[in-house]
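Examining the three-dimensional arrangement
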There are 4 protein chains.
Amino acid sequence: MLGANRYGKSDVRLVKVTRGETTHELRDLVVDVALEGDFEAAHVEGDNTGLLATDTMRNTVYALARTHPLDSLEAFGAALVERFLRAGPTVTAAHVRIAEHPWSRLTAHSFQRGSGGTRVALVSGPELRYEAGIEDLLVLKTTGSGWAGFHRDEYTTLPETGDRILATIVTARWEYARASGESTWAGVRDTVLESFGDHYSPSVQFTLHHMGQAVLDRFAEIERIHFSLPNRHHLLFDLERFGLDNPNAIFHSTTEPYGLIEGTVER
Amino acid sequence: MLGANRYGKSDVRLVKVTRGETTHELRDLVVDVALEGDFEAAHVEGDNTGLLATDTMRNTVYALARTHPLDSLEAFGAALVERFLRAGPTVTAAHVRIAEHPWSRLTAHSFQRGSGGTRVALVSGPELRYEAGIEDLLVLKTTGSGWAGFHRDEYTTLPETGDRILATIVTARWEYARASGESTWAGVRDTVLESFGDHYSPSVQFTLHHMGQAVLDRFAEIERIHFSLPNRHHLLFDLERFGLDNPNAIFHSTTEPYGLIEGTVER
Amino acid sequence: MLGANRYGKSDVRLVKVTRGETTHELRDLVVDVALEGDFEAAHVEGDNTGLLATDTMRNTVYALARTHPLDSLEAFGAALVERFLRAGPTVTAAHVRIAEHPWSRLTAHSFQRGSGGTRVALVSGPELRYEAGIEDLLVLKTTGSGWAGFHRDEYTTLPETGDRILATIVTARWEYARASGESTWAGVRDTVLESFGDHYSPSVQFTLHHMGQAVLDRFAEIERIHFSLPNRHHLLFDLERFGLDNPNAIFHSTTEPYGLIEGTVER
Amino acid sequence: MLGANRYGKSDVRLVKVTRGETTHELRDLVVDVALEGDFEAAHVEGDNTGLLATDTMRNTVYALARTHPLDSLEAFGAALVERFLRAGPTVTAAHVRIAEHPWSRLTAHSFQRGSGGTRVALVSGPELRYEAGIEDLLVLKTTGSGWAGFHRDEYTTLPETGDRILATIVTARWEYARASGESTWAGVRDTVLESFGDHYSPSVQFTLHHMGQAVLDRFAEIERIHFSLPNRHHLLFDLERFGLDNPNAIFHSTTEPYGLIEGTVER
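Reading guide: rules and limits
- Residues numbered from 1 in each chain as written.
- Chains lettered and ligands numbered in written order.
- Predicted model: local features only at pLDDT ≥ 70, side-chain atom pairs only at ≥ 80, totals over all residues.
- Helix = DSSP H or I, 4+ residues; strand = E, 2+ residues; numbered from the N terminus.
- Buried ≥ 20, exposed ≤ 12 C-beta atoms within 10 Å, placed from the backbone.
- Contact = placed C-beta atoms within 7 Å.
- Domains from an automatic or database assignment.
- Nonpolar A, V, L, I, M, F, W, Y, C, P; charged D, E, K, R; others polar.
- Least-squares fit on C-alpha atoms with pLDDT ≥ 70 in both.
- Pairing = 2+ DSSP bridges.
- Axes fitted to C-alpha atoms, helices over the stretch in contact; angles between N-to-C directions.
- Parallel < 35°, antiparallel > 145°, perpendicular 65-115°, else oblique.
- Left-handed = near helix turned anticlockwise from the far one by under 90°.
- Expected span 1.5 Å × (residues − 1).
- pLDDT = per-residue confidence, 0-100.

Let's talk about the overall build of chain A
Check the secondary structure of chain A and you find 5 helices and 12 strands. Counting across all 267 residues of chain A, residues that qualify as buried make up 48%. Residue pairs in contact within chain A that sit at least 24 positions apart in sequence constitute 63% of those at least 6 positions apart.

Here is the structure:
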């Protein structure tokens, strides 16, 4: 028996240049489309009449990008969702994910890859729902972070510390009451950056909650925010063996294993 | 307010060598641990007394691997789940994921990286649940696959075909009634490989359902199986422009965009 | 002033299916082309009349693959080199690199990704020169390897060992007197695999030399072979802290930092 | 017979925090060490007495980072080179490569990953030579670039254009007369960014030469600069099929295949 299923097109790489009188605007997007519906005939009988080709989905993304102003990722996502709900003969739900690579302006027409994380917008329908997100936002603080007072058992060897490096790659996702992504995304990102650095962090968990609170305090339209925070450990390198001290100066940064702290802060 | 949350250690890379009289056995594993529980004090008040350090989780993985025979990934996962349920002072649920890299034997003591996909075992508790999976299993068929009769709209340009290359990277996951992973994993993998090649495929969806059926037919203990199948498109290269035909011989393989077909087959 | 320069097309992904009476043959290739010549007008004056477009190079790869039997990567590479030497109006040298992904046969028309490393063929002209290579060949031995007697200074903390895991990802490259790649590649690969496991290794350096000698002993047409061998360290995990011994059983595998041993063995 | 050979440690990940009165400075480095010398006894006889362990090299990097001010990557590299020339009993040449990940300051003690490319410093000895480099510098211009007047043959299908997107990931490397890396690196990077955008580009080759000239004009201490410029093609998506024009607005960005243009500009 066929259970839950969906299909679509992923990694549609779309760049739109909007030519103003003196300067150009650039949007560098990766679009994923996924459709749900009654696709049983295709799965069981090999009857494709109910399927929109994923190649058609790709074409649709580029065609709609031509006429849509693309002034808001969420609005563009909603236009795609509405189109796919109409276009797929048996489609009952459509999900669009748009990731935007950051570019920072050099001149009126030239750009370099920016920092500050990848922006993500998710739209699904028929009842339109909007989520936004940040990915690949690397942050690090050189002090103002510790890890102490934790539970110890027979396998615990880690010493306590009141001063360590805290480094993480923020992935965040939040829901909007409405499609306000375009105006608030940079504000949420900046709030995350500020609140990451503005407090003493006794744990990644505490910082997660603190950043979530800061976002909810500032943005009334956000109901809840979810964070996924890998703890990119920076280990104090043991220099005593060489007759040297190490007053939180020399660290070995590691990629694996890593702690992974995930949680939601909500109203 | 703190919502759902969890934390743990990821990418714990464990290699265990079991030394038989004449030959060595090798298990090359990557273990992820995630715990749920009452961690509110840590998030809100900075009180870590309820938290087991993720470094302790790592130590625990290596320590338990020493005494556990590791004859079954599922049994090892269950031992870890039980340990973490006891060890975390406020833990209410534990999730362990174990991925195994394949090695194929060269001699009694030497190995080369094998093929056939990465094996995955997932165990969670307190009520023990077992899932198994395959990742990174690349398969391709040079014929016996088509794509025709699909819905067409004004954005559809793709021609129909009755003979194409079908290539995908299988990700599968299935649930067991009990911890029978060790004995059935290779059987499921082989069934996927066989059923991928044994039929005419009118769509990736049909092949997904066909492979799922083959697994359920053969393994009574499996209740449902989920597949995620990226369609790694191989496009016929247009050679007519150069006065050459192309009878399904010369293809341009692409990585993006790609179709993504996902679905569950269940009893 | 313009110094040395070259240009070309990289990552041309070509799949050729050769349809025999009962079974299909598959070659899954990635081709890189680089041309040298008198390109100064393009660099300095913006005069492109001497440049073959890299898009044309791509087309040429697919077109020549149609008529060439592709029974030998080296022969196909030589055909491309000769074509580009004629086609580029000012070209004086052409370099073609072909990497082949391994597939292993499941049925007459279906395949799974194989193991045993990526095959590489390099051809350059006008005076045709052939090199072959292996990449991504992961090998590991669970014993028969040590590291002792090395020089110690004030920064040396590593204990000596007579029994460790040795793991590496072999990259090899060798020159042929003639285009004998098709017949000898698998033989060289097998010789590397055999000689990796057949001796006690006091160092990666010794194993490098030993494998090189084995290849030169067996293949008279090979003048020299170069290896690049990252030492993928597997560290014995310290279990004494938990009251457990660790008789070379439980290892922590690491990706960074890694030793890198490179050298050539020649006649 | 043993030919050319070298060995060392790669991917030593070093983070140094320098604590000023009010703000912290951060250097996030990846160090590679490679040594040349008389290592024949190790290769041929298994005699390791002439080898410094690569683990010792790692320790040395961390130990020297403690006492060295690390105010200049080139000076730190030279200190490492000099140390390894003394420490390796038979070492005749040492090569140190240091890559620095960019961070941009958020507060006195917190940082986010910056943009502008990875800085690279290479130092070798005994006669000290310095090279510097940029990697991963993504730049794009939305106009002011074309590709026309190129040589056409029977495999040429690409239309000419006087207005396209030009995108590349700059890798550059240059030699200094002396260790002036610390003061000039950002200047070279900024010159590359400026000169990328300040001219009409008839080809990547022309832009390569133009950027090289700009660097040599501004920095008298640089003798030559080498660029490796992948042409990350942005293809105009064909919208005519859907009754839409496409006045250089909607592009499909691709990763493969890509043009690769490499060259040196020198005095």
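Remarks on the domain arrangement of chain A
A common measure of how large an interface is: the accessible area buried when the components associate. Residues and elements named next belong to chain A. Entries for chain A in the domain assignment read domain 1 (7–127) and domain 2 (137–266). Taken over C-alpha atoms, the centre of domain 1 sits 32 Å from the centre of domain 2. Tallying the contact residues gives 10 residues for domain 1 and 7 residues for domain 2. Considering every element that reaches the side of domain 1 that touches domain 2, the biggest residue donor is helix 3 (residues 73–87), with 4 residues. In terms of residue class, the side of domain 1 that touches domain 2 is made up of 4 nonpolar, 3 polar and 3 charged.

Remarks on the relation of the copies chain B and chain A
When chain B is fitted to chain A, the residual RMSD is 0.0 Å, and the transformation amounts to a turn of 180° plus an axial shift of 0.0 Å. Classification of the inter-copy transformation places it as that of a two-fold axis.

Considering the pairing of strand 7 (residues 129–141) of chain D
Both strand 5 (residues 110–113) of chain A and strand 7 of chain D contribute to a ladder of 3 bridges, which runs antiparallel. Residue pairing across strands places A:F111 opposite D:L140, the latter belonging to strand 7 of chain D. Taken together, the 7 bridges between strand 6 (residues 118–125) of chain D and strand 7 of chain D define a ladder with antiparallel strand orientation. Paired with D:A121 across the two strands is D:A132, which belongs to strand 7 of chain D. Where strand 6 of chain D hands over to strand 7 of chain D, the hairpin turn is made up of 3 residues, counted between the paired strands. Sheet analysis places strand 7 of chain D next to strand 8 (residues 166–176) of chain D, joined by 10 bridges and oriented antiparallel. Bridging across to strand 8 of chain D, D:L137 finds its partner in D:V170.

Regarding the relation of the copies chain C and chain B
What connects the two chain copies is a rotation about an axis and a shift along it. Of the two same-sequence chains, chain C is brought onto chain B (RMSD 0.0 Å, axial shift 0.0 Å) by a rotation of 180°. An overlap of 100% is found between the interface residues of chain C and their copies at the interface of chain B, pointing to a shared contact surface.

Notes on the environment of A:A93
Residues and elements named next belong to chain A. Examined against the element boundaries, A93 turns out to sit in strand 3 (residues 91–100). C-beta crowding within 10 Å serves as the criterion here: with 17 such atoms nearby, A93 is assigned to the partly exposed category. Counting along the chain gives 33 residues from A93 to P126, while the straight-line C-alpha distance between them is 5.9 Å. Apart from residues lying up to four places away in sequence, A93 is in contact with E36, S124, G125 and P126.

As for the interface of chain B and chain A
Taken together, the 62 residues of chain B in the interface contact 61 residues of chain A. With 12 residues, strand 1 (residues 2–19) of chain B is the largest single contributor of residues to the side of chain B that touches chain A. The class makeup of the residues in the side of chain B that touches chain A is 26 nonpolar, 24 polar and 12 charged. Of the strand pairs in this sheet, strand 1 (residues 2–19) of chain A and strand 12 (residues 258–266) of chain B are connected by 7 bridges, and their pairing is antiparallel. The residue bridging A:Y7 from the neighbouring strand is B:I261, located in strand 12 of chain B.

Observations regarding the interface of chain C and chain B
Contact residues are listed per partner, giving 46 residues for chain C and 46 residues for chain B. If you list the elements that add at least two residues to the side of chain C that touches chain B, you get strand 1 (2–19), strand 2 (24–37), helix 2 (54–67), strand 4 (103–105), strand 5 (110–113), strand 7 (129–141), helix 4 (181–197) and strand 11 (250–253) of chain C. Element by element, the count of residues in the side of chain C that touches chain B is highest for strand 7 of chain C, at 5 residues. Across the side of chain C that touches chain B, the residue classes tally to 23 nonpolar, 18 polar and 5 charged.

Let's talk about the packing of helix 4 (residues 181–197) of chain A against helix 5 (residues 204–218) of chain A
Residues and elements named next belong to chain A. Across the interface, helix 4 lies against helix 5 with an axial gap of 9 Å and an inter-helix angle of 140°. Here helix 4 lies oblique to helix 5, going by the angle between them. When the axes of helix 4 and helix 5 are compared, the crossing they make is right-handed. Of helix 5, the residues touching helix 4 (which contributes V188, T191, V192, S195 and F196) are T207, H210, M211, A214, V215 and R218. Looking at side-chain class alone, the contact of helix 4 with helix 5 contains 6 nonpolar, 4 polar and 1 charged residues.

Comments concerning the environment of A:T90
All names here are of chain A. Mapped onto the fold, T90 is located in the loop between helix 3 and strand 3. It is 7.3 Å that separates the C-alpha atoms of T90 and F39, two residues lying 51 residues apart in sequence. Once you skip the residues sitting within four places of it in the chain, T90 turns out to touch G37, D38, F39 and G50.

Some thoughts on helix 4 of chain C
An ideal rise of 1.5 Å per residue puts 24 Å on 17 residues; helix 4 of chain C measures up with 24 Å between its terminal C-alpha atoms. Listed in full, the buried residues belonging to helix 4 of chain C are C:G181, C:W185, C:V188, C:R189, C:T191, C:V192, C:L193, C:F196 and C:G197. On its buried face, helix 4 of chain C sits against strand 5 (110–113) of chain B together with helix 3 (73–87), strand 6 (118–125), strand 7, strand 8 (166–176) and helix 5 (204–218) of chain C.

Comments concerning unusual backbone geometry
Residue C:P126 is reached from C:G125 by a cis peptide bond, and omega for that bond is 25°. Tracing the chain through its elements places C:P126 in the loop between strand 6 and strand 7. For the bond from D:E256 to D:P257, the omega torsion is -5°, close enough to zero to count as cis. With respect to the secondary-structure elements, D:P257 resides in the loop between strand 11 (250–253) and strand 12 (258–266). At D:N248, a residue that is not glycine, the phi angle is positive and equals roughly 55°. With 16 C-beta atoms packed within 10 Å, D:N248 lands in the partly exposed category.

Looking at helix 2 (residues 54–67) of chain A
All names here are of chain A. With 14 residues, helix 2 extends 21 Å between its outermost C-alpha atoms, agreeing within 8% with the 20 Å of an ideal straight helix rising 1.5 Å per residue. For helix 2, the tally of buried residues reaches 11 of 14 residues, placing the bulk of the element in the interior. Where helix 2 is concerned, the buried positions are T54, T56, M57, R58, N59, T60, V61, Y62, A63, L64 and A65.

A short note on the pairing of strand 2 (residues 24–37) of chain D
Residues and elements named next belong to chain D. Relative to strand 2, strand 1 (residues 2–19) runs antiparallel, the two sharing 11 bridges. In the sheet register, R19 faces strand 2, and the bridge partner there is H24. Hairpin connection from strand 1 to strand 2: 4 residues lie between these consecutive antiparallel strands. As judged from the 9 bridges shared by strand 2 and strand 3 (residues 91–100), these two strands associate in the antiparallel manner. Across the sheet, the residue bridging to L29 is E100, located in strand 3.

Details of the environment of D:E266
Looking at the secondary structure, you find D:E266 in strand 12. Along the chain, D:E266 and D:I225 lie 41 residues apart, while their C-alpha atoms are 6.4 Å from each other. Residues contacting D:E266, with those up to four places away along its chain left out, are C:M1, C:G3, D:E223 and D:R224.

A look at the confidence of the model for chain A
Detail in the predicted coordinates should be disregarded across regions flagged by low pLDDT. Model confidence for chain A is summarised by a mean pLDDT of 96, while 99% of its residues fall at 70 or above. ipTM for the predicted complex: 0.95, alongside a pTM of 0.96.

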